[in-house]
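Survey of secondary and tertiary structure
If you want the building blocks of each chain, they are given just below.
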Amino acid sequence: MFRHTPLRYAVLAILAIAALMQAFTAGYFGLEILIEILILCLLVLALDLVAGFGGMVSLCHGALMGVGAYAFVALNVLADLDPWLAALGAVAITAAAAWIIGAICARSHGIYFIMATLAFGQMAYSYVFESPLFGGDDGMGGIDRFDLSAIGLDLNDSRSFALFCLAVLAAAYLFATAILRSGLGRSLAGVMHNEKRMKALGLNTWRIKADVFGLSGIIAGVAGVLAAQHIMFISPGLMNWTVSGEALVVVILGGLGTLVGPLVGAAAFVVMKHELGEVTTYWHLVVGVILIAVVMSRANGIFGWVEARWGDRIERRLTDATRSPAQKEVSTDA
Amino acid sequence: MLETRSLTKSFGAVHVTRSVSLKLERGERRVILGPNGAGKTTLFNLLVGELTPDGGSVHLAGEDVTALSVPRRARRGLSRSYQKNTLFDGLTVEENLALAAAVPTGHATRLWSDSLRQPEIRDTVAEVAEQVNLMPHLHAKVSEISYGVRRQLEVGVALATRPLVLLMDEPTSGVGPEMSKGFHDLLNNLPRDLTLLIIEHDMDLAFAVADTITVLNYGEVVFDGLPEEARGSKLLKDIYLGSWEDA
Ligand SMILES: Nc1ncnc2c1ncn2[C@@H]1O[C@H](COP(=O)(O)OP(=O)(O)OP(=O)(O)O)[C@@H](O)[C@H]1O
Ligand SMILES: [Mg+2]
């Protein structure tokens, strides 16, 4: 079950400090990259929640993010709602869509679950691609960012927007941990370890899965709203299944079911994309090789590998250091 | 408390359950005997709803539950343990028990509270751990405990939902005589109003704990009565005890 180890806290602290330093010191391009990382972090957080902690490998999370973005634009641009209201509505719509997808797909497992989620994602993609209401494949613009002038922030400034995204990510991370530490989250762990037994104990396991899928949809919806505000333009490409595929790659690269790992993976992925992208157009090849290496090493991603090597050692050293000498004696006697 | 009427099940041409009618009173402790492949586990699967019968019905506390799903029957107080350990392998003994204990209280589906930290769940976990001798292992993961201890946990998880009727599928299968003896004590520690249906291979244990005995052979009830009668029964000797003694 989910637990914060000292190593996880340490990595979170390092990531937060690095993001803050980048937010305060970087120029325009640096900030754009940071924002891209932060939004991807939201998406992979949502995905890790269902895939890493519920065994529900979803190939529709990119599309869910797209639903959030399109719903936001529909409410903000088409219905001319205040961005805050539009965001609230968009997140609710995404969560509802996610819950329904989760409820329907919860009865299938493994490859069938993946295919069912993919089908839902592609349905959403082809709808917005064809729909004249949403601008078809031309997409839509005219999107407003949130108005935070009340607290002296102008989100049209990249630095402010990056800091805002970081704050949202922090809140989403806390939300994800709250889910995992709730009765619902504990039961999800039970379902992932042994669904048959959970049923025999009296639990409607599909409901647990659907609820967590819906909650994960909240985070994906938030990612969609921020993505729409970031680029200030949306197009069906946002919903393409490759977005979901990429998110899955990032989760696996970072460490499935660790929550912290996918954040590391997101940062590594985007940085790699931009750094390698400057050198070669074949940067996807390099990512592919790294992914294969990670998968073949049988480690649970980059973070999982670090955790397996040093996690226990760090924890033991810390607990030894904080223990009183009297307790130490007891433990050596035992 | 638990009743079946003419329960029938076939796998293809094989009749695994043939018109089985059983009736357990509240607090009754019944042992099911029968050779390998007699259809004992299949009967359990039919009782809890993991298999759908071809005919007949299952009644729990006076109500027909034949059409109810596995979770719904469980929430009405029917719990089972498995012949082959069916545990939450990556989790600790305590977490295994807490997951089960959280279902009937409603904490298992709650977003705003942590089931593992609820006093009432912790109390149930401690109580059940005491009952099935798991106290020293609470913080060990399932992968770290021995097979025998896992068998105890298998029963513990089933008990932690606080059932009205508990079905145990060969709780002592694969454990040594020492453990079997411990299991006898465990059964004696269970509340007397808990209705028990136990599939058991160990004859001594079976006769020691049973109020009543049912013998299955080729999916059919061939004996239903008191342990004393079972011991003397010629039929039983032929189909079951006979082969047991010859072996
Ligand atoms: N799902 C299934 N599909 C086909 N045949 C099955 C299935 N489950 C059980 N059987 C068959 O039904 C018969 C009864 O099996 P069951 O597991 O109920 O026996 P049992 O009395 O529990 O035996 P044991 O003492 O070995 O546990 C066996 O012949 C078995 O092969
Ligand atoms: Mg069996």
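Above this text is the structure in question.
Read on for an overview of the structure. Starting afresh in each chain, residues are numbered from 1 along the sequence in its written order. Note on labels: chains are lettered from A, ligands numbered from 1, in written order. Selection of residues for local features in this predicted model requires a pLDDT of at least 70, selection of side-chain atom pairs for listing and counting requires 80 or more, and totals for whole chains, interfaces and linings are taken over all residues. Based on all heavy atoms of the structure, the side-chain values leave hydrogens and waters out of the count.

A few words now on the nonpolar core. The nonpolar side chains of soluble globular proteins are, as a tendency, buried together. In these notes, a set of buried Ala, Val, Leu, Ile, Met, Phe, Trp, Tyr and Cys residues joined through side-chain atoms within 4.5 Å is what counts as a nonpolar core. Buried residues are those whose accessible area, probed at 1.4 Å on protein chains only, stays under 20% of the maximum for their type, while exposed residues exceed 50% and partly exposed ones sit between those limits. Core analysis: the biggest nonpolar cluster contains 157 residues, and F72, F213 and I234 of chain A together with L97, L153, M168 and I213 of chain B have the highest contact counts within it. We count a stretch as a helix when DSSP gives it H or I for four or more residues in a row; a strand needs E for two or more, and each element gets its number in order from the N terminus. No other element matches the 18 residues that helix α2 (residues 28–54) of chain A contributes to this core. Throughout, a contact is declared for two residues whenever any of their heavy atoms are within 4.5 Å. In contact with M168 of chain B, not counting residues within four places along its chain, are F44, S81, V155, F183, L187, L190, L196, L197, I198 and I199 of chain B. Core analysis: the second largest hydrophobic core is formed by 23 residues, L47, V58, L68 and L197 of chain B among them.

Points on a 1 Å grid, built from protein atoms alone, make a cavity when a 1.4 Å probe fits but cannot get out and make a pocket when they are open with protein on both sides within 12 Å along at least 5 of 7 lines; residues with an atom within 4 Å of a point are the lining residues. Grid points are joined across faces, edges and corners, and a volume is the space filled by probe spheres set on the points. Throughout the structure, instances matching the rule amount to 1 cavity of 30 Å³ or more. Each pocket or cavity is described by its volume, and for the largest cavity that value is around 50 Å³. In terms of lining residues, the largest cavity is bounded by A200 of chain A together with V48, E50, V70, R73, A74, L78, S79 and R80 of chain B. Sorting the residues of the lining of the largest cavity by element identifies α2 (70–75) and β6 (78–81) of chain B as the ones contributing at least two each. Ten residues, namely Ala, Val, Leu, Ile, Met, Phe, Trp, Tyr, Cys and Pro, are considered nonpolar, four, namely Asp, Glu, Lys and Arg, are considered charged, and the remaining ones, Gly among them, are considered polar. Residue composition of the lining of the largest cavity, by class: 5 nonpolar, 1 polar and 3 charged.

Quick look at the interface of chain B and chain A now. Taken residue by residue, the interface counts 32 residues in chain B and 22 residues in chain A. A quick way to say it: buried area is the sum, across both parts, of accessible area lost when two parts are put together, with a 1.4 Å probe. Where chain B abuts chain A, roughly 2,300 Å² becomes buried across the two surfaces, and 64% of that area is made up of carbon and sulfur atoms. Of all residues in chain B, the largest losses of buried area upon contact with chain A belong to F88, L99 and L111 of chain B, amounting jointly to 23% of the total for that side. When a carboxyl oxygen of Asp or Glu lies within 4 Å of a side-chain nitrogen of Lys or Arg, that pair is called a salt bridge. The partner of E154 of chain B in a salt bridge is R197 of chain A, with the nearest N and O atoms 2.5 Å apart.

Residues and elements named next belong to chain B. Around ligand 1 sit F11, V16, N36, G37, A38, G39, K40, T41, T42, Q83, E170 and H201, and those are all the residues in its vicinity. Residues adjacent in sequence count toward polar contacts only when both atoms are side-chain atoms; beyond that, a polar contact is any pair of N or O atoms within 3.5 Å, and within protein one must be able to donate a hydrogen and the other to accept it. Within the backbone of A38, a nitrogen or oxygen atom sits 3.2 Å from an oxygen atom of ligand 1. The contact in question runs from an oxygen atom of ligand 1 to an N or O atom on the side chain of Q83, over 2.8 Å. Accessibility throughout is a Shrake-Rupley quantity obtained with a 1.4 Å probe, and a residue counts as covered only by protein chains that appear here. The protein chains hide 58% of the 630 Å² of surface that ligand 1 would expose on its own. The element contributing the most residues to the shell around ligand 1 is helix α1 (residues 40–48), with 3 residues. Of the residues contributing to the shell around ligand 1, the split by class is 3 nonpolar, 7 polar and 2 charged. A single heavy atom is enough: if one lies within 4 Å of a molecule or strand, its residue is considered near that molecule or strand.

Here we take up the pairing of strand β3 (residues 29–33) of chain B. Put simply, side chains in a regular strand alternate between the two faces of the sheet. Residue and element names in this part refer to chain B. The element β3 is largely enclosed, with a buried count of 5 among its 5 residues. Residues R29, V31 and L33 line one face of β3 and the alternating positions R30 and I32 line the opposite face, and both faces are buried. Here β3 runs beside strand β8 (residues 195–199); their pairing, made up of 4 bridges, is parallel. Paired with R29 across the strands is L196, a residue of β8. Two strands qualify as a pair provided that DSSP identifies no fewer than 2 bridges between them. Where β3 meets strand β9 (residues 212–217), 4 bridges bridge the pair, whose relative direction is parallel. By the bridge assignment for β9, I32 is matched with T214.

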